[in-house]
Each structure stands twice: as structure tokens, then as C-alpha cells.
Amino acid sequence: KQWYQRRVRGDISLVPLKQVPMNLFLMWMIGNTLSLFPIIMTVMMFKSPIASLFGYKTTFQKLEGSHHILQKLVYILSNFVLIGMALYKCSAMGLLPTHPSDWIAFEMPKTRMEYAVGGAVLLS
């Protein structure tokens, strides 16, 4: 009986990792264009692992015993892998502010030290 429960806990902890190949294929299929379908798919790539992270206690609650810390850790880390893949997809689509030009609105304009008018220098 314990062998079966260990196997079930191992299978449950590896469920998010089984989604990685499917998500990689979807990331390749939807491309990097900004349109409705790729944005919806990217949101779904975020929604599924975040919902799994919030509900991990109910996932492991139906199993007996308290010796499944390692399986919980694998489950949580594999969900973070899926979130990282979604973040990479957002970065590839240009939705994350990762370039200096994304923050140009927050740059202070340069103050001029002097003004030149008609060959004469006017100090301010």
C-alpha cells in the first residue's frame, strides 16, 4: 500500500512537468505576433500554473501521510518552470519592459549648461 501511495504522489508531483512539451509546442505555434489568439494562449500559460500553486494543498490533501515534502517541492518547482516559460514568451512578444527604451517616459531631460545664440554664449 505504501508503494502505491508513493507512486501516486510521484505521479501527481510530475503532472506540471508533463505539460512542458505541450507548452513548448504551443509557444512555437502561436509565434511572437501581438494578436488576440497569442495573447489568450499566453494568459492561459500563466493561469494554469498559478492556479495549481494556489491549490497545491488540496491536490496533496487526499493522500495519506505527511512524508511527501519532496513531492510537494517538485510540484511547486515544476509550476515555476511553467511560469518561467510564460514569462519568456511574454518577453519574446515584447510585452515585458526589458529595454531602456521602454522606460524613456521616466527619464529626466538633460539640463543644459549654456545656450549658444548667433555665435555669442549666454550663461544661464
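For the structure itself, consult the block above.
First things first, this report covers the structure right here in the doc. (Residues numbered from 1 in each chain as written. Predicted model: local features only at pLDDT ≥ 70, side-chain atom pairs only at ≥ 80, totals over all residues. Heavy atoms only, no water.)

1. Looking at helix α4 (residues 36–54)
- In a regular helix each residue adds 1.5 Å, so 19 residues correspond to 27 Å; α4 covers 27 Å between its end C-alpha atoms and thus fits that length.
- Turning to α4, the residues buried within the fold contact α3 (20–30), α5 (56–61) and α6 (69–93). (Helix = DSSP H or I, 4+ residues; strand = E, 2+ residues; numbered from the N terminus. Expected span 1.5 Å × (residues − 1). Contact = heavy atoms within 4.5 Å.)

2. Some remarks on a nonpolar patch on the surface
- A cluster of nonpolar side chains, Leu34, Ile39, Val43 and Leu95, forms an exposed patch at the surface whose accessible area comes to about 340 Å².
- Inspection of the secondary structure puts Leu34 in the loop between α3 and α4.
- Given a relative accessible area of 53%, Leu34 falls into the exposed group. (Patch = residues over 30% accessible without salt bridge, like charges linked within 9 Å, V, L, I, M, F, W, Y side chains within 5 Å. Areas by Shrake-Rupley, 256 points an atom, 1.4 Å probe, with all protein chains shown as cover. Salt bridge = Lys/Arg side-chain N within 4 Å of Asp/Glu carboxyl O. Buried < 20%, exposed > 50% of the residue type's maximum accessible area, 1.4 Å probe, protein only.)

3. Things to note about the side chain of Lys89
- Locating Lys89 in the fold gives a position in helix α6.
- Buried and unpaired, Lys89 has no salt bridge, with Asp102 as the nearest side chain of opposite charge at 17 Å.
- At a separation of 3.0 Å, a polar atom in the side chain of Lys89 contacts the main-chain carbonyl oxygen of Met27.
- Lys89 has contacts with Met27, Ile30, Gly31, Asn32 and Thr42, leaving out every residue within four places of it along the chain. (Lys, Arg positive; Asp, Glu negative; His and termini not counted. Polar contact = N/O pair within 3.5 Å; in protein donor to acceptor, adjacent residues only side chain to side chain.)

4. Topic: the packing of aromatic side chains
- A full pass over the atoms with the stated rule returns 2 aromatic pairs.
- Relative to Trp28, the ring of Phe25 has its centre 6.0 Å away and its plane inclined at 45°; by these criteria the two rings are tilted. Of the two residues, Phe25 and Trp28 both sit in helix α3, 3 residues apart, roughly one turn of that helix.
- For the pair Trp103 and Phe106, a centre-to-centre distance of 5.8 Å together with 40° between the ring planes defines the contact as tilted.
- By relative accessible area, Trp103 is classed as partly exposed at 43%.
- You can call Phe106 exposed: its relative accessible area is 63%. (Phe/Tyr/Trp six-rings, centres within 6.5 Å; stacked < 30°, edge-to-face > 60°.)

5. Quick word on the nonpolar core
- With 6 residues, the main nonpolar core is built from Val20, Met27, Met45, Leu82, Met85 and Ala86.
- Taken together, the elements giving at least two residues each to this core come down to α3 and α6.
- Considering each element in turn, this core owes the most residues, 3 residues, to α6.
- Residues contacting Met27, with those up to four places away along its chain left out, are Met45, Met85, Tyr88 and Lys89. (Core = buried A, V, L, I, M, F, W, Y, C linked by side-chain atoms within 4.5 Å.)

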